[in-house]
Amino acid sequence: MSTQREKQLQQFYEHMVQLEELVATLNDEARHLGNEMTFTTLRLYKEQNDQLDDIKAYFDEVNMDPEKNTTEEILTVALKQFHEFITSLKSDR
């Protein structure tokens, strides 16, 4: 016999599978329609959420446009910066 928490965890994991399936479906539809945007399933843990909160707090302090102070925007900029860093390492070889 399962406890209530075990049932909730099972439902949580089932929802995670459903999310992954939905993302795959959306990406298939986007490709079919010629849309270059893709969705991901990104799992952030407490440390990453705390880092994002710190960044957002700083952006609030410096009056960053609220539309640019979102998780998606922050991760997009971080990915671009990391890509530039990797590219510079590759060109230095």
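Below or above, wherever it landed, is the structure these notes cover. (Residues numbered from 1 in each chain as written. Predicted model: local features only at pLDDT ≥ 70, side-chain atom pairs only at ≥ 80, totals over all residues. Heavy atoms only, no water.)

## Some words on the overall build of the protein
We count it as follows: Strands here mean DSSP runs of E at least two residues long; helices mean DSSP runs of H or I at least four residues long; both are numbered from the N terminus. The buried label applies to any residue whose accessible area, calculated with a 1.4 Å probe on protein chains only, is under 20% of its type's maximum; exposed applies above 50%, and partly exposed to all values in between. When charges are counted, Lys and Arg contribute as positive and Asp and Glu as negative, whereas His and the chain ends are disregarded. Taken as the charge centre is NZ of Lys, CZ of Arg, CG of Asp or CD of Glu, depending on the residue.
Counting its regular elements, the protein contains three helices and zero strands. Along its sequence from the N terminus, the protein presents helices and strands in the succession α-α-α. If one aligns the C-alpha atoms of the protein with their principal axes, the spans along those axes are about 60 × 40 × 35 Å. Every one of the 93 residues in the protein was classed for burial, and the buried ones make up 8%. For the protein, the centre of its 10 positive side-chain charges and the centre of its 19 negative side-chain charges are spaced 5 Å apart.

## Notes on the packing of aromatic side chains
Note the cut-off: Each Phe, Tyr or Trp ring, with Trp reduced to its six-membered ring, pairs with another whose centre is within 6.5 Å; inter-plane angles below 30 degrees give stacked pairs, above 60 give edge-to-face pairs, and intermediate values give tilted ones.
What the rule picks out here adds up to three aromatic pairs. Summarising the aromatic geometry, the rings of Y58 and F59 are spaced 6.1 Å apart at their centres and angled 50° between planes, so their arrangement reads as tilted. The class for Y58 is partly exposed, based on a relative accessible area of 47%. Classification of F59 as buried rests on a relative accessible area of 18%. Pairing F82 with F85 gives two aromatic rings, centres 6.3 Å apart and planes at 35°, and the pair type is tilted. Of the two residues, F82 and F85 both sit in helix 3 (residues 71-92), three residues apart, roughly one turn of that helix.

## Concerning the pattern of salt bridges
Side chains that differ in charge, positive against negative, can pair when their charged atoms come close. What counts is decided by this rule: What makes a salt bridge here is a side-chain nitrogen of Lys or Arg within 4 Å of a carboxyl oxygen of Asp or Glu, nothing more.
As enumerated under the stated definition, the model contains four salt bridges in all. Note that K80 and E84 form a salt bridge whose closest N and O atoms lie 3.8 Å from each other. Of this pair, K80 and E84 both sit in helix 3, separated by four residues, roughly a single helical turn. Of the residues examined, E84 reaches a relative accessible area of 40% and is grouped as partly exposed.

## Describing helix 2 (residues 46-61)
For clarity, the cut-off: To estimate how far a helix should extend, the number of its residues minus one is multiplied by 1.5 Å.
Over its 16 residues, helix 2 runs 22 Å from end to end, which matches the ideal 22 Å to within 8%, given 1.5 Å per residue. At the C-terminal side of helix 2, N63 shows a positive phi close to 55°.

## Here we look at the side chain of N27
What counts, and what does not: Two residues qualify as a contact provided that any one of their heavy atoms is within 4.5 Å of a heavy atom in the partner residue.
If you trace the backbone, N27 turns up in helix 1 (residues 4-33). Accessibility expressed as a relative area gives 11% for N27, which makes it buried. Other than its neighbours up to four places away in sequence, N27 contacts M37, T38 and F39.

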